[in-house]
Amino acid sequence: MRTTVGIIGAGPAGLLLARLLHLRGVDSVVLEARDRAYCEQRQRAGILEQGTADVLRAAGAGARMDREGLPHNGIELRFDGRRHRIDFPSLTGGRAVTVYPQTEVVKDLIALRLAEGGPLFFEAEALAVEDAESPSPRVRYRHEGGERQLECDYVVACDGSWGVGRSAFPAGTARVFERGYPYAWLGVLAETPPSSAELVYARHERGFALLSMRSLELSRLYLQVPAGTDAARWSDEAVWDELDHRTGTPGAGRLERGPITSRSVTAMRSLVHEPMRYGNLFLAGDAAHIVPPTGAKGLNLAVGDVVAFARGLAHERRTGSSRHLDAYSELCLRRVWQAERFSYSLTTVLHRDPEGTEFDDRLQLARLDRIATARSAATHLAENYTGLPFPLD
Ligand code: FAD
Ligand code: DHB
């Protein structure tokens, strides 16, 4: 099989890229290792930056998001018995975010791709990218019991943090910058309406807690737990008690409890693979970078990367100049490092470091107090949370 752009992975990055290329008249083939139901049900992100929502709309993938998504104009910080609201529009010149689950973004993009005639192959696992440095790189993959080849002009590996794209960079052509954290997130989905209209980020002596949502009927809740925690060891009651404890402020009622329908523990790390391109192989999304979840940047970064690739390729087709495509890695990495910085900073100001000292505690409170009292500090948070401009914007 032959195509212009071979895309590995049908997560948000791969699916959106296929759509953006289709709209620009560029053919592509998407190879996805898992089945459709798995891709559509994997519980992950929930917050779309303003720019991400705009891109989905412009790609014709925003109709259900606009009907069912929840526009959010702010978040609340809770610390030291205090509550402080950050108002996005007034701090950013009118920007906001949308609560719309990644599961739904993926469903919408899969439906569009299939309606436009694909090709999108599920249970097609890429095994290797070959001849990446040549004008005709290939993806070797397994599908329907046999091994096959996809010949391409470009390969974009959108295959997440454990994919094969990264391993096609020959030794010595890339560097990985990485950092771990001594804690993880226990995330639960609960059949109960969110207890507050906006997301609540709580810093507490016993650790961070986040009250989020997937809809007006479904709450998504997170607790900081030690790295390596077994989710099964937390009873439903213990989860609710701990959420109440960490998010409670004087005068605030208890959370509305409901059945917990799923639970999982997510490890936290920061990682950047530089560069994001080798020859005609490009990395996009989690394949190239990971952020800790605090601040909800992962999906939004993936969108920025594929927008940059699609714009770069379209520019080349239109003008004959590969200028933008050549700058892909550099353009993406500038935005990636800003998101790394923001996610790191929000993570470390809100989580309790098990090795931290009382000095560190005081410093955290001083940083939060600054956000609560200085407009410049709140503006910085709001600008980063609602999203920095995409490459080539
Ligand atoms: P993925 O979604 O990982 O997709 C990669 C795809 O490639 C998968 O479908 C995989 O099956 C497939 N694949 C892998 N290997 C192969 C192979 N060899 N061959 C073929 N296919 C392959 N981000 C936000 O922006 N906002 C949030 O609120 C947020 N919350 C999060 C909460 C949690 C608990 C977690 C875990 C993550 C969260 N994120 C959030 C991060 C976000 O989910 C990811 O950044 C996003 O999924 C990245 O998209 P992607 O398409 O790059 O990768
Ligand atoms: C969610 C995840 C985040 O990392 C975050 O900062 C906000 C919300 C979520 O999954 O709902």
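Residues numbered from 1 in each chain as written. Chains lettered and ligands numbered in written order. Predicted model: local features only at pLDDT ≥ 70, side-chain atom pairs only at ≥ 80, totals over all residues. Heavy atoms only, no water.

**Student:** Describe the pattern of salt bridges, and please don't skip the residues or the numbers.
**Tutor:** Applying the stated criterion to the full structure yields 35 salt bridges. Put simply, lysine 297 and glutamate 49 hold a salt bridge, and the shortest N to O gap is 2.6 Å. With lysine 297 in the loop between β19 (289-290) and α8 (298-319) and glutamate 49 in strand β3 (residues 47-49), this pair connects stretches of sequence that are 248 residues apart. A relative accessible area of 4% means that lysine 297 is categorised as buried. Residues glutamate 130 and arginine 138 are paired through a salt bridge, measuring 3.5 Å at the closest nitrogen-oxygen approach. Take arginine 138: its relative accessible area is 22%, and that puts it in the partly exposed class. Each of Arg64, Glu68, Glu104, Lys107 and Asp108 takes part in a single network of salt bridges with overlapping partners. (Salt bridge = Lys/Arg side-chain N within 4 Å of Asp/Glu carboxyl O. Helix = DSSP H or I, 4+ residues; strand = E, 2+ residues; numbered from the N terminus. Buried < 20%, exposed > 50% of the residue type's maximum accessible area, 1.4 Å probe, protein only.)

**Student:** Summarise the site of ligand 2; cite the residues concerned and give the values.
**Tutor:** As a structural note, the neighbourhood of ligand 2 is formed by 14 residues, with Tyr201, Ser212, Arg214, Tyr222 and Pro293 the closest of them. Between tyrosine 201 and ligand 2, the recorded distance is 2.6 Å, taken from a side-chain N or O atom to an oxygen atom. Between ligand 2 and arginine 214, the relevant distance is 2.7 Å, taken from an oxygen atom to a side-chain nitrogen or oxygen of the residue. Among the elements of the structure, β13 (199-203) and β14 (209-213) are those that each provide at least two residues to the shell around ligand 2. Taken together, the residues of the shell around ligand 2 sort by class into eight nonpolar, four polar and two charged. (Near = heavy atom within 4 Å. Polar contact = N/O pair within 3.5 Å; in protein donor to acceptor, adjacent residues only side chain to side chain. Nonpolar A, V, L, I, M, F, W, Y, C, P; charged D, E, K, R; others polar.)

**Student:** Can you explain the domain arrangement of the protein chain? Please cite residues and give values.
**Tutor:** When the domains of the protein chain are assigned, the result is domain 1 (5-70 + 101-177 + 268-372) and domain 2 (181-266). Tallying the contact residues gives 27 residues for domain 1 and 22 residues for domain 2. With both sides pooled, the region where domain 1 packs onto domain 2 buries about 2,000 Å², and carbon together with sulfur makes up 64% of that total. Remark: the boundary between domain 1 and domain 2 carries one salt bridge. Notably, a salt bridge pairs arginine 203 with aspartate 361, separated by 3.6 Å at the nearest N-O pair. Summed over the shared surface of domain 1 and domain 2, the result is seven residue pairs in polar contact (both at pLDDT 80 or more). (Domains from an automatic or database assignment. Contact = heavy atoms within 4.5 Å. Buried area = accessible area lost by both parts, 1.4 Å probe.)

**Student:** Lay out helix α6 (residues 102-115) with the relevant residues and their values.
**Tutor:** With 14 residues, α6 extends 20 Å from end C-alpha to end C-alpha; this agrees with the ideal 20 Å at 1.5 Å per step. Across the 14 residues of α6, 10 count as buried, placing the element largely inside the fold. (Expected span 1.5 Å × (residues − 1).)

**Student:** Help me get a handle on the sheet that holds β3, residues and values and all.
**Tutor:** Spatially, β3-β7-β4 is the arrangement adopted by the three strands of the open sheet, whose pairing is antiparallel. Each edge of the open sheet is held by one strand with a lone partner, namely β3 and β4 (70-72). Put simply, the sheet's adjacent strands are angled 30 degrees from each other on average, direction ignored. (Pairing = 2+ DSSP bridges. Axes fitted to C-alpha atoms, helices over the stretch in contact; angles between N-to-C directions.)

**Student:** Talk me through the side chain of arginine 203; I want residue IDs and the actual numbers.
**Tutor:** Looking at the secondary structure, you find arginine 203 in strand β13. Looking at arginine 203, its side chain comes within polar contact range of the side chain of glutamate 205, at 3.4 Å. Excluding anything up to four places from it in sequence, arginine 203 contacts Arg78, Phe79, Asp80, Val349, Leu350, Asp361, Gln364, Leu365 and Leu368.

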